[in-house]
Amino acid sequence: MHKLGPSLMCADLVNLEQNIRELDEAGVDFYHLDIMDGQFVPNFTLGPDLVKAVRRITNKPLDAHLMVKEPERHIDLFADAGADMISVHQEATDHLQSTLMRIKNRGLKAGVALNPATPPDALDYVYDIVDYIVVMTVNPGFAGQKFIPLMYDKIAQIADKVKGYGRDIEIQVDGNIGAATIPTCKEHGASMYVLGTSAVFNSARSLKDNVAETRKLFNA
Ligand code: DX5
Ligand code: ZN
């Protein structure tokens, strides 16, 4: 029930295929692909061609996290590239409801990501259609940042709200997700975990061992 998704911006891009084969074998549940436009966030990362390339080598669900302004302009691009799930930032569009509908009409899961300062009530009028909610536990843009503790409360508030709707809405956490933060995220109701440098892409241990160690945190 808890899903683990390595964040491919943190992978070794020179050895991406090898990384993905190892992570597939380790039994990860999805791949998280960070898409940045240098405007909504001050960084550039992956794009539709990389989504396409990854699509050729794995059958796991591909989760595109669009950290771009006016994401409504790019939904078809990422759907055509092979994404299975697309999340857009609430702060990046004036047309959240129609953007989510556009994603769903392509047959994909539609997510909303919230920056740390965005209150959960920004979701009040999309609970009937949203498939997953991304609680950014750091400010979007860069790997290797520190978890913002107030986000635990946000996860709990959203989890509470979701219960009232009786729909299968997942809560994804993104940013500094690892041994120090997973137990409390789990306690507060998160179900999808984006694994970057804090959990998987680090140390002398293999990716496989890092995934196995991370999975243990859920059985504790
Ligand atoms: C941004 C990214 C990062 C990163 C997380 O949306 O998704 O948050 O991959 O990895 P950490 O924070 O563990 O380096
Ligand atoms: Zn992300």
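Keep in mind that what you see is a predicted model, and the values were worked out from it rather than measured. (Residues numbered from 1 in each chain as written. Chains lettered and ligands numbered in written order. Predicted model: local features only at pLDDT ≥ 70, side-chain atom pairs only at ≥ 80, totals over all residues. Heavy atoms only, no water.)

What follows is about the overall build of the chain. Each helix and strand in the chain was counted, giving 7 helices and 8 strands. A principal-axis box enclosing the C-alpha atoms of the chain has dimensions of 45 × 35 × 30 Å. By the burial criterion, 53% of the 220 residues in the chain qualify as buried. Within the chain, contacts between residues at least 6 apart in sequence are counted, and of these 63% link residues at least 24 apart. Surface summary for the chain: the accessible area is close to 9,900 Å², and the carbon and sulfur share equals 49%. Computed over 22 positive and 29 negative side-chain charges, the separation of the two mean positions in the chain equals 3 Å. (Helix = DSSP H or I, 4+ residues; strand = E, 2+ residues; numbered from the N terminus. Buried < 20%, exposed > 50% of the residue type's maximum accessible area, 1.4 Å probe, protein only. Contact = heavy atoms within 4.5 Å. Areas by Shrake-Rupley, 256 points an atom, 1.4 Å probe, with all protein chains shown as cover. Lys, Arg positive; Asp, Glu negative; His and termini not counted. Charge placed at Lys NZ, Arg CZ, Asp CG, Glu CD.)

With that settled, consider the packing of helix H1 (residues 16-25) against helix H2 (residues 48-57). In the contact formed by H1 and H2, the axes pass within 10 Å of each other and the chain directions differ by 50 degrees. As summarised for this structure, H1 and H2 are arranged oblique, according to the angle between their axes. Pair H1 / H2 crosses with right-handed handedness. Facing Leu-16, Glu-17, Ile-20, Arg-21 and Asp-24 of H1, the residues of H2 in contact are Leu-50, Val-54 and Ile-57. Across the contact of H1 with H2, the residue classes break down as 5 nonpolar, no polar and 3 charged. (Axes fitted to C-alpha atoms, helices over the stretch in contact; angles between N-to-C directions. Parallel < 35°, antiparallel > 145°, perpendicular 65-115°, else oblique. Left-handed = near helix turned anticlockwise from the far one by under 90°. Nonpolar A, V, L, I, M, F, W, Y, C, P; charged D, E, K, R; others polar.)

Bringing the site of ligand 1 into the picture now. Residues in close proximity to ligand 1 total 16 residues, the closest being Asp-34, Asp-174, Asn-176, Thr-197 and Ser-198. Asp-174 places a side-chain nitrogen or oxygen 2.7 Å from an oxygen atom of ligand 1. For ligand 1, whose unbound accessible area comes to 370 Å², protein coverage reaches 100%. Residues of the shell around ligand 1, tallied by class, amount to 5 nonpolar, 9 polar and 2 charged. (Near = heavy atom within 4 Å. Polar contact = N/O pair within 3.5 Å; in protein donor to acceptor, adjacent residues only side chain to side chain.)

With 13 residues, helix H7 (residues 207-219) extends 19 Å from end C-alpha to end C-alpha; this agrees with the ideal 18 Å at 1.5 Å per step. Next to the buried residues of H7 lie strand E1 (3-6), H1, helix H6 (182-188) and strand E8 (192-195). (Expected span 1.5 Å × (residues − 1).)

Counting buried positions along strand E7 (residues 170-174) gives 5 out of 5 residues, so the element sits mostly inside the fold. Neither face of E7 is left uncovered, since the one carrying Glu-170, Gln-172 and Asp-174 and the one carrying Ile-171 and Val-173 both have all their residues buried. Inspection of the sheet shows E7 paired to E8 by 2 bridges, in the parallel sense. Residue pairing in the sheet places Gln-172 in a bridge with Met-192 of E8. Handedness of the β-α-β unit built from E7, H6 and E8 comes out right-handed. (Pairing = 2+ DSSP bridges. Right-handed = clockwise from strand over helix to strand, strands pointing away.)

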